[in-house]
Amino acid sequence: MGREFEVTVGPVAHGGHCVARHEGRVVFVRHTLPGERVVVRVTEDRQPGFCRADAVQVLDASPARVPRPCPYSGPGRCGGCDWQHADPAEQRRLKAEVVREQLVRLAGLAAADPVVRDLAVEELPGGPLRWRSRARFAVDRSGTPGLRRYRSHEVVPLEDCLITVEPAAQAVLGRRWPGAGAVDVSVDSTGAVTTTRLDRRGRPTSSRVLRPGGDLPEEPSARAERHAGGRDWEVEGTGFWQVHPAAADALVDAVTAFAAVRPGETVLDLYAGAGLFGGALAPAAGPTGRVLCVEADPAGCAAAEANLADLPQAEVWQGEVDAEGLAGLLDELDGAPDVVVLDPPRAGAGAAVSRVLAGTGARAVVYVACDPASLARDVAAFAGAGYRLAALRGFDAFPMTAHVECVALLVRDSS
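Residues numbered from 1 in each chain as written. Predicted model: local features only at pLDDT ≥ 70, side-chain atom pairs only at ≥ 80, totals over all residues. Heavy atoms only, no water.

Quick look at the nonpolar core
Line of reasoning, step 1. Core analysis: the largest hydrophobic core is formed by 70 residues, its most contacted members being F137, V255, L276, F277, V366 and V407.
Line of reasoning, step 2. For this core, the element with the highest residue contribution is helix α4 (residues 247-259), accounting for nine residues.
Line of reasoning, step 3. Not counting chain neighbours up to four residues away, the residues in contact with V255 comprise F277, L281, V341, V366, V368 and V407.
Line of reasoning, step 4. Core analysis: the second largest hydrophobic core is formed by 40 residues, V321, A362, V365 and V404 among them. (Core = buried A, V, L, I, M, F, W, Y, C linked by side-chain atoms within 4.5 Å. Buried < 20%, exposed > 50% of the residue type's maximum accessible area, 1.4 Å probe, protein only. Helix = DSSP H or I, 4+ residues; strand = E, 2+ residues; numbered from the N terminus. Contact = heavy atoms within 4.5 Å.)

See below:
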């Protein structure tokens, strides 16, 4: 810990760092870019084969390096952003490189496969700052809010967060939160700001809503209004929704195009949340079709039922998406689904669920992924069960961070 030495930086790696080598060991370096020559300071050294380090001095800079817009970003500071020092176009290039590397290494795809080779991470409207409409800020023992240092529980106090929309940042960072462990904040399509206080075990204790017309304190079931895919949606105030204001529309467009649902078809929408994708696909299925939305969270199910009430072909089922539950659900379906849409959490669907879904013989599986490694592992599971990756799009839904959103189309391999 604390040792400093010079390295020449190699390729980008999954997780917001690049790979270098020193004295026969791998060094995972943050705050650098491929091709740079830097002085690094070791921040973690627990394994024989690798260590972690920050670039603390840049000797030869990449042409894509830019001044960090955020004063809290940099070695030893806030861990919320990974690429503040990179030009936005370079950030998207690096994210595409990571997705390609994961698909080649974990899914066994060929680098020359056009679906892999030609992937580009697409920019969303609005620029790289002030895009985050939903966030969680940590609170230290004194009640001061901020974000944690990278791979640390220590809270860095913040006066502002430049990637968070200004009303949300001000609602949390402009005051103290004694006794809280964290605060969730969200700004909806009407401009209403919802803050939810969490205790030190992560349990919500109270909510507060500031609407354009006034302040409504202590609303534990506060609702937020969203608009996407040509429809209005209602969700929990700080509940799950895409954090980038343009992401929901971009993902709906990609999912709709890949699914290409036909009249009379059956669609299975897994990890359905408030029903975003099921609601977007239901009109194409028509009055003789069927869209079954499956969500584990009771609040998400309640929101989905309200959001899809005007679509008679849409149903909402509450249940975990696991191999056993899926097998029972498929037994109850009148025939196999024609299209499967899934938007799993960061850990992915997993091999067991992927194999069950491949066993349905669905003509199209549309997979929405927020983690390229999980996507690649599940693509490998689908490939082992007779499906291939036919199309892929990437979206820069999290500028300044290492995160990337992907939409993949898997179809049965005719070969």
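Further notes follow.
Details of the sheet that holds strand β3 (residues 17-22)
Line of reasoning, step 1. Judged by pairing direction, the sheet is mixed, and its six strands sit side by side in the order β1-β5-β6-β4-β3-β2 without closing on themselves. At either margin of the open sheet sits one strand with a lone partner, and together these are β1 (4-8) and β2 (12-13).
Line of reasoning, step 2. Judged from the five bridges that link them, strand β4 (residues 25-30) and strand β6 (residues 50-60) form a sheet pairing that is parallel. From the neighbouring strand, R30 faces β6, where its bridge partner is D54. (Pairing = 2+ DSSP bridges.)

Some points on the environment of T8
Line of reasoning, step 1. Mapped onto the elements of the fold, T8 is located in strand β1.
Line of reasoning, step 2. What T8 contacts, discounting residues up to four positions off in sequence, is A20, E36 and R37.

What to know about the packing of α4 against helix α5 (residues 276-285)
Line of reasoning, step 1. In the contact formed by α4 and α5, the axes pass within 10 Å of each other and the chain directions differ by 50 degrees. By the criterion of interaxial angle, the relationship of α4 to α5 is oblique. Once α4 is placed against α5, the crossing between them reads as right-handed. Contacts from A248, L251, V252, V255, T256 and A259 in α4 reach L276, F277, A280 and L281 in α5.
Line of reasoning, step 2. Residues that form the contact of α4 with α5 fall into these classes: nine nonpolar, one polar and no charged. (Axes fitted to C-alpha atoms, helices over the stretch in contact; angles between N-to-C directions. Parallel < 35°, antiparallel > 145°, perpendicular 65-115°, else oblique. Left-handed = near helix turned anticlockwise from the far one by under 90°. Nonpolar A, V, L, I, M, F, W, Y, C, P; charged D, E, K, R; others polar.)

Notes on the packing of aromatic side chains
Line of reasoning, step 1. Scanning the entire structure with this criterion turns up four aromatic pairs.
Line of reasoning, step 2. With a centroid separation of 6.2 Å and an interplanar angle of 80 degrees, the aromatic rings of W131 and F398 are classed as edge-to-face. Taken together, the residues span a long stretch of sequence, with W131 in the loop between β7 (121-122) and β8 (134-139) and F398 in the loop between β22 (387-395) and β23 (405-412) at a distance of 267 residues. No difference in accessibility class separates W131 from F398, as the two residues are buried.
Line of reasoning, step 3. Seen from their ring centres, W233 and W241 are 6.4 Å apart, and the 45 degrees between their planes marks the pair as tilted. You'll find W233 and W241 in the same group, each marked buried.
Line of reasoning, step 4. The ring of W233 has R231 lying over it, and the distance from NZ or CZ to the ring centre is 5.4 Å. (Phe/Tyr/Trp six-rings, centres within 6.5 Å; stacked < 30°, edge-to-face > 60°. Lys NZ or Arg CZ within 6 Å of the ring centre and 35° of its normal.)

Looking at the side chain of H17
Line of reasoning, step 1. Structurally, H17 is set in strand β3.
Line of reasoning, step 2. Judged by relative accessible area, which is 7%, H17 ranks as buried.
Line of reasoning, step 3. Within the structure, the side chain of H17 is placed 3.4 Å from the backbone oxygen of H14, a separation counted as a polar contact.
Line of reasoning, step 4. When sequence neighbours within four positions are dropped, the list of residues in contact with H17 reads V12, F28, V29, R30, R52, W83 and Y150. (Polar contact = N/O pair within 3.5 Å; in protein donor to acceptor, adjacent residues only side chain to side chain.)

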